[in-house]
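Coordinate analysis (summary)
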Amino acid sequence: MPTTPHHRPRVLVTGASIAGPTVAWGLDRSGFDVTLLERSPEQRTTGQNIDIRGLGRDVLRRMGLRDTVMQHLTGEEGTRFVGEDGTPYAVFPRAEGEDGPTAEIEILRGTFAGILVDALPDSIERRYGDFVVGAEQDDSGVRVRYDRGAPERFDLVVVAEGRSSRTRRILFADETEYRDFGVSIAYGTIDRTPEDVDHWDWYTATRGRVASVRPDNEGTIRASMSFESEPMGFERLPVDVQLSILRERFRGAGWQSERILDGFAARSDEFYTQRMEQVVVSRWSTGRVVLLGDAAWGSGPTGMGTTLSLVGAHVLAGELARELARAVQDGDGTLTATAVSRAAGQYEGLLRGYADSAQGLPRGGARLMHPSSRLGVRAVQTALRIAASAPVRRFAQANLLTSEKHVPVLPQYPTLQVV
Ligand SMILES: Cc1cc2nc3c(=O)[nH]c(=O)nc-3n(C[C@H](O)[C@H](O)[C@H](O)COP(=O)(O)OP(=O)(O)OC[C@H]3O[C@@H](n4cnc5c(N)ncnc54)[C@H](O)[C@@H]3O)c2cc1C
């Protein structure tokens, strides 16, 4: 259990979604004095289905949260690839311990972030509605400047601000590269009808267009539409312009396209778009500032972002806990810059290959799932039909449909285990 250090190093964690609360929880338990800062004025509750796979499940267990999470699943029973009339041609059922397109643990992002934040003890200071505008380091710490609040000093800053992290743009601009996958995606919530089923139904049309609908546990349907395109700033356009581009692009696409478009327009406050691109940062820390989660390795949607965030947060907290325990043993618990670098190096060493393999789609991979011709659509259908057939399914799920490779052995961190 945590020793009480003479000095509780002060840590600022920015971002209260998945990675931020998880690392904050672990650091607090290990003897750090944690402040969790979220830019949004209140906890963000939106977001669609996210998957928790593989090692992510182990982290949940260690945190004692698995049972709570299992009570809040979306209820998705599997994934069906369907033709224009809605008839499935390849089906991947959800199965315990198996990670197909529908993972064993599917939960709405806002629900999961809420569970993580609710698990935080009162000893963690939570602040909403401010963000970092600058950070200067010296031998003994980091001086952080905010948009609104007065500057403060910390021993360490963990940046868990998601894919478009502002603090990363300030401090890691030269180390960051963005890899474009050639696809834009639109997400929204639409009304549920009696015809809807509890499967994720996925439809591939010609001209690089894909649409899907999936159930949630709130009585609505989560829909998405993606299309192959050159980067054109679609994601930054006003919502009404995005909606009309999408309508034009999906004209004649068939299946439930018109229904989804109407649904997006009806609930435009829940409509948002995302470019499929991967953030690649050549190093995840600079001195006492460490990147974590989508801020460090984000791309999407690969189905692995949440798992990686859980695992990364657990490892980073665990490695910093080790360094703090050593600093307490050897002195007054003051965390030197060398100790922080050592922990950050261990964390990057364990996570880098895992994150790269999970987040980096094979070249052309996203485009392959968005064929342009009828022949291309038929080729995708054939590949999926084969992948869904027993006994290929188990192999495919382990090797093709999920890209979890270079999986590290999760070290044991005594302070991060409640059970
Ligand atoms: C609103 C929302 C909806 C999402 N919807 C989906 C989805 O439908 N499907 C899916 O697979 N993934 C979705 N994601 C992404 C998914 O949560 C991540 O891929 C994954 O869980 C990794 O989480 P993360 O904590 O690293 O980053 P994110 O989940 O992206 O969280 C980053 C957090 O940091 C906050 N933040 C941003 N900038 C700052 C700043 N400068 N200072 C302080 N805080 C800041 C954000 O408000 C957010 O709460 C969504 C994320 C968000 C924030």
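Remember, it's a predicted structure, so these values are computed and weren't measured experimentally. (Residues numbered from 1 in each chain as written. Predicted model: local features only at pLDDT ≥ 70, side-chain atom pairs only at ≥ 80, totals over all residues. Heavy atoms only, no water.)

**Digging into the domain arrangement of the protein chain**
Spelled out, the test is: Here the bounds of each domain stem from an automatic or database domain assignment. Two residues qualify as a contact provided that any one of their heavy atoms is within 4.5 Å of a heavy atom in the partner residue. As a working definition, buried area equals the accessible area (1.4 Å probe) given up by two parts on being put together, with both sides summed. Salt bridges are defined as contacts in which a side-chain nitrogen from Lys or Arg sits within 4 Å of a carboxyl oxygen from Asp or Glu.
The domains assigned to the protein chain are domain 1 (10-79 + 104-178 + 279-361) and domain 2 (180-277 + 365-399). In this structure, domain 1 and domain 2 have C-alpha centres spaced 29 Å apart. On the side of domain 2, 21 residues touch domain 1, which itself brings 24 residues to the contact. Between domain 1 and domain 2, roughly 1,900 Å² of surface is buried when both sides are summed, and carbon and sulfur atoms account for 50% of that area. A salt bridge links Glu106 to Arg214, with the shortest nitrogen-to-oxygen separation between them at 3.0 Å.

**Considerations on the site of the ligand**
Short version of the rule: By convention in this text, a residue qualifies as near a molecule or strand provided that one of its non-hydrogen atoms is within 4 Å of it. Distance and chemistry together define a polar contact, namely a pair of N or O atoms within 3.5 Å, with one atom able to donate a hydrogen and the other to accept it when in protein, and with adjacent residues in sequence counting only for side-chain atoms on both sides. We count a stretch as a helix when DSSP gives it H or I for four or more residues in a row; a strand needs E for two or more, and each element gets its number in order from the N terminus.
Near the ligand there are 26 residues, and of these Ser17, Glu38, Arg44, Gln48 and Asp294 occur at the shortest range. At a separation of 3.3 Å, a nitrogen atom of the ligand approaches a polar side-chain atom of Glu161. Here an oxygen atom of the ligand and a side-chain polar atom of Tyr272 are 3.0 Å apart. Elements with a minimum of two residues in the shell around the ligand: strand E2 (33-38), strand E3 (49-52) and helix H9 (305-330). A total of 3 residues in the shell around the ligand trace back to one element, the largest contributor, which is H9.

**Focus: the sheet that holds strand E8 (residues 132-138)**
The following threshold applies: Pairing between two strands requires that DSSP report at least two bridges joining them. Throughout, an axis means a line fitted to C-alpha atoms (over the contacting stretch in the case of helices), and angles, computed between N-to-C directions, take values from 0 to 180 degrees.
Taken in spatial order, the 3 strands of this open sheet run E8-E9-E10, and their pairing is antiparallel. Among the strands making up the open sheet, the edge pair consists of E8 and strand E10 (152-154). Here the average twist between neighbouring strands, direction ignored, is 30°. Note that E8 and strand E9 (residues 141-146) share 6 bridges and pair antiparallel. By the bridge assignment, Ala135 is partnered in E9 with Val144.

**Details of the sheet that holds E2**
Reading across the sheet, the 6 strands line up as E7-E2-E1-E11-E18-E17 and stay open at both edges, with mixed pairing between neighbours. Either end of the sheet is taken by a strand with one partner, and the two such strands are strand E7 (125-128) and strand E17 (285-286). Direction of pairing for strand E1 (residues 10-14) relative to strand E11 (residues 156-159): parallel, over a ladder of 4 bridges. Residue pairing for E11: Leu12 is matched across the bridge by Val157. Lying over the sheet, helix H1 (residues 19-29) contacts E1, E2 and E11, oriented at roughly 165° with respect to E2.

**Observations regarding helix H12 (residues 374-388)**
Quick reminder of the rule: To estimate how far a helix should extend, the number of its residues minus one is multiplied by 1.5 Å. Exposure classes here rest on a 1.4 Å probe applied to the protein chains alone. A residue is buried below 20% of its type maximum, exposed above 50%, and partly exposed in between. Comment: arc refers to directions from the helix axis out to C-beta atoms.
Helix length check: H12, at 15 residues, gives a terminal C-alpha distance of 21 Å against a target of 21 Å (1.5 Å per residue), a fit within 8%. Considered for burial, the residues of H12 that qualify are Gly376, Val377, Val380, Gln381, Leu384, Ala387 and Ala388. All buried residues of H12 project into a common sector of 140° when viewed along the axis, lining one side. Along H12, exposed side chains directed more than 90 degrees from the buried face belong to Arg374 and Leu375.

**Considering unusual backbone geometry**
Here Arg207, not a glycine, exhibits a phi torsion of approximately 55°, which is positive. Turning to its location among the elements, Arg207 is positioned in the loop between strand E13 (200-205) and strand E14 (209-215). Of note in this structure, Trp255 is not a glycine but carries a positive phi near 55°. The class of Trp255 is buried, set by a relative accessible area of 17%.

**Looking at the nonpolar core**
The condition that has to hold: What makes a nonpolar core is a set of buried Ala, Val, Leu, Ile, Met, Phe, Trp, Tyr and Cys residues whose side-chain atoms join them at distances within 4.5 Å.
Membership of the largest hydrophobic core comes to 78 residues, with the highest contact counts inside it found for Val23, Val69, Phe112, Leu292, Trp297 and Tyr347. In this view, Val69 contacts Ile52, Leu60, Ile105, Ile107, Phe112 and Ile115; residues no more than four positions away in its chain are not counted. The next biggest cluster of nonpolar side chains, apart from the first, holds 21 residues, and it includes Tyr203, Ala223, Leu246 and Phe271.

**A word on the packing of aromatic side chains**
Put simply, the rule is: Only Phe, Tyr and Trp rings are paired, with Trp represented by its six-membered ring, and only when their centres lie within 6.5 Å; those with planes under 30 degrees apart are stacked, over 60 edge-to-face, the remainder tilted. Two conditions define a charge sitting above a ring: the NZ of Lys or the CZ of Arg must be within 6 Å of the ring centre, and it must be within 35 degrees of the ring normal.
Inspection of every chain in the model, using the stated rule, returns 9 aromatic pairs. Look at Trp284 and Tyr347: their rings are 5.7 Å apart centre to centre, the planes differ by 50°, and that puts the pair in the tilted class. Taken together, the residues span a long stretch of sequence, with Trp284 in the loop between strand E16 (272-281) and E17 and Tyr347 in helix H10 (residues 337-359) at a distance of 63 residues. You'll find Trp284 and Tyr347 in the same group, each marked buried. Taken together through their ring pairs, the aromatic side chains of Phe81, Phe92, Trp200 and Trp202 make up a single cluster. Above the face of the Phe131 ring, Arg39 is positioned so that its terminal group lies 4.3 Å from the ring centre. The ring of Trp200 is capped by Arg214, whose NZ or CZ atom sits 3.7 Å from the centre of that ring.

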